[in-house]
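# Coordinates in review
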Amino acid sequence: MAVVGWRQSPVNPRQGSLQATGELISAYSGSTNTSIAQGAAAVCFGPVYPPKGKGRARLSATHQGGTMPFTLHLRSRLPSALRILILQKKPNIRNTSSMAGELRPASLVVLPRSLAPAFERFCQANTGPLPLLGQSEPEKWMLPAQGAISETSTSRPQFWKYESGACTGSLTSLEQFSEQLKDMVAFLLGCSFSLEEALEEAGLPRRDPAGHSQAGAYKTTVPCATHAGFCCPLVVTMRPIPKDKLERLVRASCSLGGKQGQPVHIGDPELLGIKELSRPDYGDAMVCPPGEVPVFWPSPLTSLGAVSSCGAPLAFASMPGCTVMTDLKDAKAPAGCLTPERIPEVHHISQNPLHYSTASVSASQKIRELESVIGIDPGNRGIGHLLCKDELLKASLSLSHARSVLITTGFPTHFNHEPPEETDGPPGAVALAAFLQALEKEVAMIVDQRAWSLHQKIVEDAVEQGVLKTQIPILTYQGGSVEAAQAFLCKDGDPQTPRFDHLVAIERTGRAADGNYYNARKMNIKHLADPIDDLFLAAKKIPGISSTGVGDGGNELGMGKVKEAVRRHIRNGDVIACDVEADFAVIAGVSNWGGYALACALYILHSCDVHRQYLRKAVGPSRAPGDQAWMQALPSVMKEEKMLGILVQHKVRSGVSGVVGMEVDGLPFHDTHAKMIQKLVDVTTAQV
């Protein structure tokens, strides 16, 4: 049985004020020979909030020899426009979802029949803000028989009318367009998720705007996936949440609302293109007090932009605050008990701008397992004292959101040889770059100017042997000033337009507190190192650029985050400790392993439904988990053996032994590194 009704709530004062009102007038139970799956239909109109307990009557109607329950709301008024849609001998609403037991609100869009297939596909491509519940069948609009029900009308607007894409007014009824409606199709879009109910579930106070008016909604700069003339920005709604309650609220909202309950953004509104929370596009503003974080959900008001964009000669849509009540439920967004694959974790990944990300419990646990695997200490250096929990998880989440990544590597520890580089660093850097390429991110590498030719040849050979898909730009930086670093990192030197949004250092020599650069034996190698550290220091002051350092001894770029532990627990740490910190410090027994683990963690995140939906803001198509291109881009024993062979061909030496051969940090490839690579891949691809 499908139950449909109507509710109203006040809209933005600029759009006029509405009040919930009405009386019970009619109900209808139609034939089972309809387009609604698994039952007939009843009609009712609801109050401002979804019905619960008091004010609701459960009745029964005899139907073809059996008793069928249906629901009525006792204080309601039936708009005449919906009688045209529903009250007919054969209610022609095509169900695109499952049935549910309680009434939920939905919004209504009415379009010319010729545009219906395109709009349906547009909704299917943007299921977050536009969960399609059902649609009327073409050519089957029917007016109720004269005198079949009492004539009732309301003086309050319920619909917006669009002509050639422009909103030309508001309407209390569509009856004057009865002839045009015969060649139009009505769509029901789910908007059943209740933020206030999620707040209660999480034990937080309700945040209704004053007077139970409509909460604010905002147009973003996030584009929905376009289809056949339908194109519009995502619209979102917001609630401020205390920092320490974020995860509890997000879990409650996902449990109650399924995919529609999952936030699309947590943090700075400007990351969505929203300049001022005090100026919503619809409804009334909500204040975000200090110490609280704005959380954004997709809004079905996105449909208003879609209706406008198609330029239909005539179209209608529910006004903000006016919703149909239905017991149709989106089958693709089941709520209730969440599995570990659907339970979200919330992680803080940036302070300037404020940004949080999400991943499922199961994905997060797999990444923590990777962090544990690479955290072994084969050289007995004491790196266990440097480990910080969830650094790999946060670094990979930040990288997942990045559009352009700059990677640096190169530790010239063999200062008496040519080249002085070691075999730890470049393989991890190339492995990470390969996976970033598979995710279609921009990636470049920056190295010492004296080593530019070496790294150019290494990358060319990696492409030729299939380790890399395409060439990586190789850059250099000689420094000179803070202004020079900012000019390098930003377009035209403008900190508002950074060229890169994440910097990664993998086994890159790092500047110590005295300004020098040291290898593990306290030998000063400053003359071989360009001041790439300055870029990491400058990035700290440029909003929107994050950084990650990967190291195995504490003297690598980015390890300034753990420098006190390096000084206390690492041999020669008081001298060699890097003083320049990254936002995230990934510690590994061999730095290459950290590069491999970052690539593997990105694979896990992009195979995680919770993270993928958050990343794409619930709009546009989602690549399938385990995409073949991603699988091919993962590190593998075969590719890393090729990569190490390329380094050996160019006379690059092992870091500890100085041997030109198939080893890294004195550890043989086949007995140690090959096993580590395979273990990381096994953890990554294991089915939960």
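Below or above, wherever it landed, is the structure these notes cover. (Residues numbered from 1 in each chain as written. Predicted model: local features only at pLDDT ≥ 70, side-chain atom pairs only at ≥ 80, totals over all residues. Heavy atoms only, no water.)

### Overview of the pattern of salt bridges
Think of it this way: side chains of opposite charge can pair up when their charged atoms draw near. Here is the rule: We define a salt bridge as a side-chain nitrogen of Lys or Arg found within 4 Å of a carboxyl oxygen belonging to Asp or Glu. Helix and strand definitions follow DSSP, with helices as H or I runs of at least four residues and strands as E runs of at least two, each counted in order from the N terminus. Exposure categories follow from relative accessible area, calculated using a 1.4 Å probe and restricted to protein chains: below 20% of the type maximum is buried, above 50% is exposed, and the middle band is partly exposed.
Taken as a whole and judged by the stated rule, the model has 22 salt bridges. Here Asp609 ties to Arg342 by a salt bridge, and the two come within 2.4 Å at their closest N and O atoms. With Asp609 in helix H16 (residues 609–615) and Arg342 in the loop between strand S16 (322–329) and strand S17 (344–351), this pair connects stretches of sequence that are 267 residues apart. The shortest N-O distance in the salt bridge between Asp448 and Arg508 comes to 2.7 Å. Of this pair, Asp448 sits in the loop between strand S20 (442–446) and helix H10 (452–464) while Arg508 sits in strand S22 (residues 502–508), and the two are 60 residues apart along the sequence. For the pair Asp448 and Arg508, a shared accessibility class is recorded, and that class is buried. Connected through shared salt-bridge partners, Glu421, Asp448, Arg450 and Arg508 make up one network.

### Things to note about the environment of Ala597
What counts, and what does not: Note on contacts: a residue pair qualifies if any of its non-hydrogen atoms lie within 4.5 Å across the two residues.
Along the chain, Ala597 turns up in helix H15 (residues 591–606). Between the alpha carbons of Ala597 and Gly428 there is a distance of 8.9 Å; along the sequence they are 169 residues apart. Ignoring any residue separated from it by four or fewer positions in sequence, one finds Ala597 in contact with Leu370, Ile374, Leu392 and Leu680.

### With respect to unusual backbone geometry
Across the junction of Asn352 and Pro353, the peptide omega takes the value 5°, indicating a cis bond. Note on placement: Pro353 falls in the loop between S17 and strand S18 (354–360). In this structure, the amide linkage connecting Glu418 to the following residue, Pro419, adopts the cis form with an omega of 0°. Mapped onto the elements of the fold, Pro419 is located in the loop between strand S19 (404–410) and helix H9 (426–438).

### Section: the pairing of strand S8 (residues 159–163)
The side chains of a regular strand alternate between the sheet's two faces. Here is the rule: The pairing criterion for strands is at least two bridges between them, as found by DSSP.
Of all the five residues making up S8, four are buried; the element is thus mostly covered by neighbouring parts of the structure. In this sheet, strand S15 (residues 315–318) lies alongside S8 in antiparallel orientation, the contact comprising four bridges. Bridge pairing links Lys161 to Phe316 in S15. When S8 meets strand S9 (residues 166–171), the two strands line up antiparallel, connected through five bridges. When the bridges of S9 are listed, Lys161 appears paired with Gly169. Taking the residues that link successive antiparallel strands as the turn, the S8-S9 hairpin has two residues, and the phi of Ser164 there is positive, at about 55°.

### Points about the sheet that holds S19
Our working definition: Helix axes are fitted to C-alpha atoms over the stretch in contact, other axes to C-alpha atoms as well, and angles between N-to-C directions run from 0 to 180 degrees.
Pairing is parallel across the open sheet formed by six strands, whose spatial order is S21-S20-S19-S22-S23-S24. Unpaired on one side and paired on the other, strand S21 (474–475) and strand S24 (584–587) mark the two borders of the sheet. Inspection of the sheet shows S20 paired to S21 by two bridges, in the parallel sense. The residue of S21 that forms the bridge with Met445 is Ile474. Strands in contact with helix H8 (residues 391–401) are S19, S22, strand S23 (546–551) and S24; relative to S24, the strand with the most contacts, it is inclined by about 125°.

### Structural notes on the sheet that holds strand S12 (residues 233–242)
Judged by pairing direction, the sheet is antiparallel, and its six strands sit side by side in the order S11-S12-S14-S13-S18-S17 without closing on themselves. On the outer flanks of this sheet lie strand S11 (217–223) and S17, each paired with one strand and no other. The sheet shows a mean angle of 35° between the axes of neighbouring strands, direction not considered. Note that S12 and strand S14 (residues 292–298) share seven bridges and pair antiparallel. For Pro242, the partnering residue across the bridge sits in S14 and is Glu292. Lying on the sheet, H8 is in contact with S17 and S18; it crosses S17 at an angle near 75°.

### Some words on the packing of aromatic side chains
Put simply, the rule is: Here a pair means two rings of Phe, Tyr or Trp (six-membered ring of Trp) with centres within 6.5 Å. Their orientation is stacked below 30 degrees between planes, edge-to-face above 60, and tilted elsewhere. Criterion for a charge above a ring: Lys NZ or Arg CZ within 6 Å of the ring centre, and within 35 degrees of the ring normal.
In the structure shown here, the tally under the stated rule is eight aromatic pairs. An aromatic cluster of three or more residues is present, and its members are Phe119, Phe122, Phe187 and Phe230. A cation over a ring is seen here: Arg499 above Phe488, with NZ or CZ 5.3 Å from the ring centre. Above the ring of Tyr614, the side-chain terminus of Lys617 is found at 5.9 Å from the ring centroid.

### A few points about helix H6 (residues 302–309)
Of the residues making up H6, those classed as buried are Thr302, Ser303, Leu304, Ala306 and Val307. With its phi angle positive at about 65°, Gly311 sits one or two positions after the end of H6.

### Things to note about helix H7 (residues 361–374)
Our working rule: Given the number of residues in a helix, its expected span is that number minus one, multiplied by 1.5 Å.
The end-to-end C-alpha distance of H7, which contains 14 residues, comes to 20 Å, matching closely the 20 Å that a straight helix rising 1.5 Å per residue would cover. Taken across its 14 residues, H7 has 10 buried, putting it largely inside the fold. Within H7 the residues assigned to the buried category are Ser362, Ala363, Ser364, Lys366, Ile367, Arg368, Leu370, Glu371, Val373 and Ile374.

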